[in-house]
Amino acid sequence: MELFMIRRKSAWASAEELERAAGRSARVGAEEMPDDVRWVRTYVVAEPDGRLGSVCIYQATSADAIREHALR
């Protein structure tokens with residue numbers, strides 16, 4: 001597997017929104033794509049506009065697998 005970093009700027013208005021998105025992401029990775037995408041860690045960023053962003057580190061079989069995970 002290759003290592004990927006995904007930066008999402010100002011993606012969430014609150015910690016609750018971020019938690020819901022993280023839950024969906026974890027479910028998709030664990031249940032739908034366990035052989036293709038593996039979450040490593042996430043750093044949450046307080047953005048200048050007051051929203052939350054993130055830097056996520058994943059292992060994946062390809063960039064296409066990361067894109068498919070994001071779409072789901």
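Description of the structure in this document. (Residues numbered from 1 in each chain as written. Predicted model: local features only at pLDDT ≥ 70, side-chain atom pairs only at ≥ 80, totals over all residues. Heavy atoms only, no water.)

**Examining unusual backbone geometry**
Here is the rule: Counting from the N terminus, the helices are DSSP H or I runs at least four residues long and the strands are E runs at least two residues long.
Its identity as a non-glycine residue notwithstanding, Ser10 has a phi of 50 degrees, on the positive side. Residue position: Ser10 is located in strand β1 (residues 2–12).

**Section: the pattern of salt bridges**
Definition in use: We define a salt bridge as a contact between a side-chain nitrogen of Lys or Arg and a carboxyl oxygen of Asp or Glu at a distance within 4 Å. Exposure categories follow from relative accessible area, calculated using a 1.4 Å probe and restricted to protein chains: below 20% of the type maximum is buried, above 50% is exposed, and the middle band is partly exposed.
Scanning the entire structure with this criterion turns up five salt bridges. A salt bridge links Arg72 to Glu32; its shortest N-O distance comes to 3.4 Å. Here the residue Arg72 occupies a position in the segment after α2 (63–71), and Glu32 occupies one in helix α1 (residues 15–32), the gap between them amounting to 40 residues. In this structure Arg72 comes out as partly exposed when scored by relative accessible area, which is 45%. Measuring nitrogen to oxygen at the nearest pair gives 2.8 Å for the salt bridge that ties Glu68 to Arg72. Residue classification places Glu68 among the partly exposed positions, given a relative accessible area of 31%. Sharing partners across several salt bridges, the network here consists of Arg27, Glu32, Glu68 and Arg72.

**Quick look at the sheet that holds strand β3 (residues 52–60)**
As a reminder, the rule being used: Two strands form a pair only when DSSP identifies at least two bridges running between them. Inter-axis angles, ranging from 0 to 180 degrees, are taken between N-to-C directions of lines fitted to C-alpha atoms, where helices are fitted over the stretch in contact. In this analysis, two residues are considered to be in contact whenever any of their non-hydrogen atoms come within 4.5 Å of each other.
Strand order in this open sheet of three strands is β1-β3-β2, and the pairing throughout is antiparallel. Where the open sheet ends on each side, the last strands, each with one partner, are β1 and β2 (37–46). Neighbouring strand axes in the sheet, compared pairwise and without regard to direction, differ in orientation by 20 degrees on average. Of the pairings in the sheet, the one linking β2 to β3 comprises nine bridges and is antiparallel in character. Following the sheet pairing, Val44 is matched in β3 by Ser54. Docked against the sheet, α1 engages β1, β2 and β3, running at close to 150 degrees with respect to β1.

**Quick look at the nonpolar core**
What counts, and what does not: As used in this record, nonpolar core signifies buried Ala, Val, Leu, Ile, Met, Phe, Trp, Tyr and Cys residues forming a set joined through side-chain atoms within 4.5 Å.
Ranked by size, the top nonpolar core spans ten residues in total: Phe4, Ile6, Val28, Met33, Val37, Cys56, Tyr58, Ala60, Ala65 and Ile66. Secondary structure elements with two or more residues in this core: β1, β3 and α2. Per-element tally for this core: the top contributor is β3, with three residues. In contact with Ala65, not counting residues within four places along its chain, are Met33, Asp36, Val37 and Ala60.

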